[in-house]
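Examination of the molecular architecture
Each chain, letter by letter, is given below.
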Amino acid sequence: MTPSPASPAPAPAAAPALPVQPPQGCPFDPPAEFARLRTEAPLSKISLPDGTEAWLATRYADIRAILGDTRFSSDTTRPGYPLSGMTGGATTEHRGFIRMDPPEHTRLRRMVTREFMVKRVEAMRPDIQRLTDELCDAMEKRAGQDVDLVEALALPVPSLVISLLLGVPYDDHEVFQRLTGTLLSRTVTDEERESARSELRAYLHQLVSAKEAAPGDDILGRLITEQQVPGEITHDDVVAFAALLLIAGHETTANMIGLSALTLMRDRETADRLRAEPNLIRGAVEELLRFHSIIRNGPRRAATEDIEIGGQLIRAGEGVVVAVPSANRDPEVFEDPDALDVCRPNAQHHVAFGYGIHQCLGQALARVELQVVIGTLLRRFPGMRPAVPVDEIPYRSDMAIYGCHTLPVTW
Amino acid sequence: MNITLDADKCCAAGQCVLIAPDVFDQRDEDGVVVLLDAAPPADQHDMVREAAAICPAAVIQVHE
């Protein structure tokens, strides 16, 4: 049938936006839309805020294939890279190595990999435990009151640790926590995000300049003496390293601590089991990482050639957004995926830290922080419970990293 | 079992060290994987297969 001129065919509906809202009443579950997409359209089109489109990948196997294939570029300056709606540090100018491809990515990443290697991080475990105990001591003095667990413990532990490692004064934590909050928001305007980026850059530029005059025994100090002084990298590169490690180093772990603590307050059986068998904590942390999958706005890639993924052709120059929470709830890989099972045999197959050469540099540190903080909370505050109904907790579906904005608790 | 590595591709995520610390280590200068035992005993085999399956950069090849 030919449409009459009076009633033109409707324009094709715009692709939906990236799903971000958890199902009603289920704050720990990923958007329900992912389950449907995994079976019906594992690679589907989404609209980004500026109206451009990108592919959304929702199946575990496809997501590993994409993230494990360097023909899917992380270089944000590539044609077709899905920039719109991206959060975090600098995107195209002065960007960190996570927004680059090999060989430059490999060269820069290897300048800091040793700082986060397993044995270096294990050596920090006693310090992380001491720090956690001190914060818990301070919390204990507030027994009977409502305490915001985010402010009292979840945010300070990783912020203190990354500040110490980098050589950033912890006294400045209000500055970098506020700026990180703006940078990772999905709801601020581009101008607000740009302004936070410049403010963070200015702050770190000043800090790195001071360190150039007197480099300390910390990551930034070592980058200056071992890489910048011999001419391997520039001042601006050190600032980019600082921004990346500072942002990635505290916000992610902080949100995992808050969500994990809340989950275990509501799942008494699992909490009792972890108290009785503390050696289960390593597996429990892997399962919590899988279950919560807090990265909600990517990772993102641009195809540099035509590549077929799961039967779908992705063309050179097209953008791809990967749904980490969907991969980690894929029933093809994880049996009964919506259940939290701290003894799940393949929990560590999760892609909560990403996959491929960009997989989280700080994952060993994140694991130790989570094991220590969650283990300590279970041991020292067995009666801790939310101080407000759980559906009144402000969840972070407005942020690129999911979690709780605040978590009022009592015991 | 015999293990070979393509260490140039290693991104030093360190998951192999967490899973099979008797077989894999990381070199001090940059965290890149080092093989401690290229032909590990049978009680290590499951862990080595797991490390190879999880390795984000597909660095570990297991020959059986």
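One numbering rule holds for all chains: residues counted from 1, following each sequence as written. Here every chain gets a letter starting at A, and every ligand a number starting at 1, in the order they are written. Two thresholds apply to this predicted model, a pLDDT of at least 70 for residue-level local features and 80 or more for giving and counting side-chain atom pairs, whereas whole-chain, interface and lining totals are computed over all residues. The basis for every side-chain value is the complete set of heavy atoms in the structure, and neither hydrogens nor water enter the calculation.

1. With respect to the pattern of salt bridges
Residue and element names in this part refer to chain A. Every case where a carboxyl oxygen of Asp or Glu lies within 4 Å of a side-chain nitrogen of Lys or Arg is listed as a salt bridge. Counting across every chain of the model gives 39 salt bridges over all chains. Residues E33 and R36 are paired through a salt bridge, measuring 2.7 Å at the closest nitrogen-oxygen approach. A residue pair is termed a helical-turn pair when its members lie 3 or 4 positions apart in one helix, as E33 and R36 do in helix α1 (residues 33-40) at 3 residues. When its relative accessible area of 32% is taken as the criterion, E33 is described as partly exposed. Relative accessibility decides the category of a residue: with a 1.4 Å probe and only protein chains considered, values under 20% of the type maximum give buried, values over 50% give exposed, and everything between is partly exposed. Overall, the relative accessible area of 37% leaves R36 in the partly exposed class. Three or more residues are tied together by salt bridges with common partners; here these are E115, R120, D217 and R222. Secondary structure elements are taken from DSSP: a helix is a run of H or I of four residues or more, a strand is a run of E of two residues or more, and numbering for both begins at the N terminus.

2. Re the interface of chain A and chain B
Each partner contributes to the interface: chain A provides 16 residues, whereas chain B provides 26 residues. Of the roughly 1800 Å² buried where chain A meets chain B, counting both sides, 47% is carbon and sulfur surface. Interface area lost by chain A to chain B is led by R110, V118 and Q348 of chain A, which between them contribute 31%. K119 of chain A is the salt-bridge partner of D25 of chain B, the closest N and O atoms lying 3.1 Å from each other. A 3.5 Å cut-off defines polar contacts: any pair of N or O atoms within that distance qualifies, except that in protein one atom must be a possible hydrogen donor and the other a possible acceptor, and neighbouring residues in sequence count only when both atoms are side-chain atoms. Between chain A and chain B we count 16 residue pairs in polar contact (both at pLDDT 80 or more) in total. Contacts were defined at the residue level, with two residues in contact if any of their heavy atoms lie within 4.5 Å. Computed with a 1.4 Å rolling probe, the buried area is the accessible surface lost when two parts are put together, summed over both parts.

3. Regarding the packing of aromatic side chains
Residue and element names in this part refer to chain A. The criterion for an aromatic pair is that two Phe, Tyr or Trp rings (for Trp, the six-membered ring) have centres within 6.5 Å, with stacked assigned to planes under 30 degrees apart, edge-to-face to planes over 60 apart and tilted to the rest. Following the criterion strictly, the structure yields 5 aromatic pairs over all chains and no others. Centroid distance Y60 to F334: 5.8 Å. Interplanar angle 90 degrees. Geometry classified as edge-to-face. Of the two residues, Y60 sits in helix α2 (residues 60-67) while F334 sits in the loop between α13 (324-327) and α14 (363-380), which places them 274 residues apart along the sequence. F334 matches Y60 in its accessibility class, with the two residues each being buried. Ring centres 5.0 Å apart and planes at 75 degrees place the aromatic pair F381 and W411 in the edge-to-face group. On the criterion of sequence distance, the pair formed by F381 in the loop between α14 and β9 (385-386) and W411 in the segment after β10 (408-410) is long-range, its members being 30 residues apart. A relative accessible area of 22% means that W411 is categorised as partly exposed.

4. Considerations on the sheet that holds strand β3 (residues 72-73) of chain A
Residue and element names in this part refer to chain A. Across the sheet, 5 strands lie side by side as β1-β2-β8-β5-β3; this open sheet has mixed pairing. Two strands close off the open sheet at either side, each with one partner strand: β1 (43-47) and β3. Fitting a line to C-alpha atoms yields each axis, with helices limited to the stretch in contact; the angle taken between N-to-C directions then spans 0 to 180 degrees. Helix-sheet contacts for α2 involve β1, β2 (53-57), β3, β5 (300-303) and β8 (319-322), and the interaxial angle to β8 is about 125 degrees. Strand pairing is assigned whenever DSSP detects at least two bridges linking the two strands.

5. As for the side chain of D69 of chain A
Tracing the backbone through its elements, the reader meets D69 of chain A in the loop between α2 and β3. Within the local environment of D69 of chain A, its side chain forms a polar contact with the side chain of R71 of chain A, the two groups lying 2.8 Å apart.

6. Quick word on the nonpolar core
What makes a nonpolar core is a set of buried Ala, Val, Leu, Ile, Met, Phe, Trp, Tyr and Cys residues whose side-chain atoms join them at distances within 4.5 Å. By size, the foremost hydrophobic cluster in this structure holds 116 residues, and its most contacted members are M139, L149, L153, L204 and L407 of chain A together with F24 of chain B. Ranked by residue count, the leading element in this core is helix α10 (residues 235-266) of chain A, at 17 residues. Ignoring any residue separated from it by four or fewer positions in sequence, one finds L153 of chain A in contact with T132, L135, C136, M139, P158, V373 and L377 of chain A. One finds L43, I63, L67 and A327 of chain A within the second-largest nonpolar core, a separate group that totals 19 residues.

7. Considering helix α12 (residues 281-292) of chain A
Residue and element names in this part refer to chain A. Across its 12 residues, α12 extends 16 Å between first and last C-alpha, which sits within 8% of the 16 Å expected from 1.5 Å per residue. The buried fraction of α12 amounts to 10 of the 12 residues, a majority that puts the element mostly inside the structure. Among the residues of α12, I281, A284, V285, E286, E287, L288, L289, R290, F291 and H292 are the ones counted as buried. Where α12 is buried, its residues contact α10, α11 (268-276) and α14. One or two steps after α12, the chain reaches S293, where phi turns positive at roughly 40 degrees. An expected span of 1.5 Å times one less than the residue number is assigned to each helix.

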